[in-house]
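Inside the fold
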Amino acid sequence: MEFMVFVSLLLAPVVIATAALIERRLGPAAAGWIAALPVAFAVAVVTVAIDTTPHIAGSMALSAATHVLAQVAFGVVFAWALRQHGLSIGIGCGVFAYLACSALIWYLPDVFAVVAAVAALVAGPRLMPAGQPRRPAPRHWTSIALTCSSAAVVVGCAVLSRRLAGPDIAGGIAAFPTMCTTLTVVAVARDGAAAGVHALGGLVRSLPCYFAFCLVVALSTPVAGIAAVGLGLLACLSVATFTWRRVPKATTSGGSRHKPSLPAHASPTLVAAQPVALRP
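The sections below set out a description of the structure shown in this document. Everything numeric here is computed off the predicted structure, so don't read it as measured data.

Moving on, we come to helix H3 (residues 39-51). Its 13 residues place the ends of H3 19 Å apart at the C-alpha level, agreeing with the 18 Å of an ideal helix rising 1.5 Å per residue. Summarising burial for H3: 10 of the 13 residues are buried, a large majority. For H3, every residue scored as buried is listed here: Ala40, Phe41, Ala42, Val43, Ala44, Val45, Val46, Thr47, Val48 and Ala49.

Here it is as structure tokens:
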């Protein structure tokens, strides 16, 4: 069990570092999409299955699947509040939306919560602020290291919380998008609110992958046991091939297709027209 917890703490910096590399090339939306993939949660499911029983791990996966509605609400509300009022109010509004939806999900039957999650996945991308992301400013390696360290601390707190809670509460805790939140905070601090909004847009567009993994694991665990995690990862990859195409990629303000401009010190020269002699 302790080894699997250690693996979970190592995976968080790896995912954030990968997202940072993707962000440099394709922008914050692609980075948010990467950060929201259920990599750390897959390790958590394996950990619970080994430490307890696959049935409890399946229950935690089902709880996480039902909380996708809360994740979509978090991303949408956070993005709009961030755009209008800044980072602090944006985080507060996003967390409040997540907690409010989680409280509602607690009283819903699982079937209704799953149906609501599917509806939220369809509507979520349409509710996000529109815009085309740009490539971020160059980031020093120390900034990436600090971001990875903070992600490890956040995931460590989540792992400890899961160990103290039951599978239903643990699924709700695990579903909170901690790594994408960390990535959003860093993007806003470096490139402004627009970059954070696009990172949250990547989160919302990546959630179908998360939902597919959780639902397949929850349904197949009673039959396949711990092998259900592999089936869930296959379902996640299948959905990822579709959702990745819909993630807006970064553009630059300049490009090779633009015509070269004159230097600042140069001035255009006019060539006088030469008279043409006509033959008699």
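The grouping of Trp106, Tyr107 and Ile169 at the surface amounts to a nonpolar patch, some 430 Å² of accessible area in total. Here Ile169 shows up in helix H9 (residues 167-175).

A few words on the side chain of Thr184. Mapped onto the elements of the fold, Thr184 is located in helix H10 (residues 178-191). Taking the relative accessible area as the measure of exposure, Thr184 reaches 0% and is therefore buried. The contact partners of Thr184, leaving out residues within four places of it in the chain, are Phe78, Leu82, Gly196, Ala199 and Leu200.

Scanning the entire structure with this criterion turns up six aromatic pairs. Ring centres of Phe74 and Phe176 lie 5.2 Å apart, and the angle between their planes is 65 degrees; this geometry places the pair in the edge-to-face category. With a gap of 102 residues between them, Phe74 in helix H5 (residues 68-85) and Phe176 in the loop between H9 and H10 connect regions that are remote in the sequence. Taking the relative accessible area as the measure of exposure, Phe74 reaches 1% and is therefore buried. Looking at Phe176, the relative accessible area reads 23%, which means it is partly exposed.

Taking 1.5 Å per residue as the helical rise, helix H7 (residues 110-127) with its 18 residues ought to reach 26 Å, and the 25 Å between its terminal C-alpha atoms agrees with that figure. At its buried positions, H7 is contacted by helix H4 (54-66), H5, helix H6 (87-106) and helix H11 (193-224).

As enumerated under the stated definition, the model contains one salt bridge in all. Residue Arg190 pairs with Asp191 through a salt bridge whose shortest N-O separation is 2.7 Å. Since its relative accessible area comes to 29%, Asp191 is described here as partly exposed.

Rules used throughout
- Residues numbered from 1 in each chain as written.
- Predicted model: local features only at pLDDT ≥ 70, side-chain atom pairs only at ≥ 80, totals over all residues.
- Heavy atoms only, no water.
- Helix = DSSP H or I, 4+ residues; strand = E, 2+ residues; numbered from the N terminus.
- Expected span 1.5 Å × (residues − 1).
- Buried < 20%, exposed > 50% of the residue type's maximum accessible area, 1.4 Å probe, protein only.
- Patch = residues over 30% accessible without salt bridge, like charges linked within 9 Å, V, L, I, M, F, W, Y side chains within 5 Å.
- Areas by Shrake-Rupley, 256 points an atom, 1.4 Å probe, with all protein chains shown as cover.
- Salt bridge = Lys/Arg side-chain N within 4 Å of Asp/Glu carboxyl O.
- Contact = heavy atoms within 4.5 Å.
- Phe/Tyr/Trp six-rings, centres within 6.5 Å; stacked < 30°, edge-to-face > 60°.

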